[in-house]
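Now for the letters of each chain:
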Amino acid sequence: MIEINTQFKKGVLELLVLVMVEKKDMYGYELVEAVSKIVDVNEGTIYPILKRLTNEGLFETYLEESKEGPVRKYYHITVSGKEKKKQQLEEWLKFEKSVNKFIKKGEVK
């Protein structure tokens, strides 16, 4: 895990959550653990994102029994969520390319 500036982290967390849930349906704590392997986050950061994405129609939820404890709420990405992820990923890649190009130009003197 890499320590990342808080403002950088805020800008990319939604994209990370969208990418992970597109790969497979996940429950909240599972998402927290997965994202935490990439950037340092806690439940208080991820759950509001999940709530917002669900309210915006980008995720649907369903409950499933757990062998280890209480029923879990799983998040499933919708067609709108997939479109949003695609749009954000394209924007991220353009942003990353522009920033890297700028930094490299600054290093060459």
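Please refer to the structure higher up on the page.
Residues numbered from 1 in each chain as written. Predicted model: local features only at pLDDT ≥ 70, side-chain atom pairs only at ≥ 80, totals over all residues. Heavy atoms only, no water.

Chemist: Explain the overall build of the protein chain to me, using residue names and the numbers behind them.
Modeler: The helix and strand tally for the protein chain stands at 4 helices and 3 strands. Element order for the protein chain, N to C, with α for helix and β for strand: α-β-α-α-β-β-α. A total of 109 residues make up the protein chain; the buried ones form 31% of that total. Of the contacts made within the protein chain by residues no fewer than 6 positions apart, 51% connect residues no fewer than 24 positions apart. Accessible surface, the protein chain: about 7,800 Å² in total, of which carbon and sulfur atoms supply 55%. (Helix = DSSP H or I, 4+ residues; strand = E, 2+ residues; numbered from the N terminus. Buried < 20%, exposed > 50% of the residue type's maximum accessible area, 1.4 Å probe, protein only. Contact = heavy atoms within 4.5 Å. Areas by Shrake-Rupley, 256 points an atom, 1.4 Å probe, with all protein chains shown as cover.)

Chemist: I'd love a proper account of the pattern of salt bridges, names of residues and values included.
Modeler: Proximity of charged atoms lets side chains of opposite charge pair with each other. Counted by the stated rule, this structure contains 5 salt bridges. Notably, a salt bridge pairs Arg52 with Glu14, separated by 2.7 Å at the nearest N-O pair. Taken together, the positions of Arg52 in helix H3 (residues 43–55) and Glu14 in helix H1 (residues 6–23) put the pair 38 residues apart, joining distant regions of the chain. On the basis of relative accessibility, which here comes to 12%, the residue Glu14 falls in the buried class. Ionic pairing is found between Lys85 and Glu22, a salt bridge with its closest N-O pair at 2.7 Å. (Salt bridge = Lys/Arg side-chain N within 4 Å of Asp/Glu carboxyl O.)

Chemist: Break down the pairing of strand E3 (residues 72–77) for me, citing the residues and quoting the values.
Modeler: Judged from the 2 bridges that link them, strand E1 (residues 26–27) and E3 form a sheet pairing that is antiparallel. The partner of Tyr27 across the bridge, within E3, is Tyr74. The sheet contact formed by strand E2 (residues 59–64) and E3 spans 6 bridges and is antiparallel. When the sheet's bridge partners are listed, Glu60 is paired in E3 with His76. (Pairing = 2+ DSSP bridges.)

Chemist: Got a sec to walk through the packing of aromatic side chains? Specific residues and values, please.
Modeler: Under the counting rule described, the total for this entry stands at 4 aromatic pairs. Ring geometry for Tyr62 against Tyr74: centres 5.6 Å apart, planes inclined by 10°, an arrangement best described as stacked. Separated by 12 residues along the polypeptide, Tyr62 in strand E2 and Tyr74 in strand E3 bring together distant segments of the chain. Accessibility expressed as a relative area gives 31% for Tyr62, which makes it partly exposed. What makes Tyr74 buried here is its relative accessible area of 13%. Residues Trp92 and Phe95 carry aromatic rings whose centres are separated by 6.0 Å and whose planes lie at 45° to one another, so their mutual orientation is tilted. Remark: Phe95 and Trp92 occur in helix H4 (residues 79–107); sequence separation between them is 3 residues, near one turn of the helix. (Phe/Tyr/Trp six-rings, centres within 6.5 Å; stacked < 30°, edge-to-face > 60°.)

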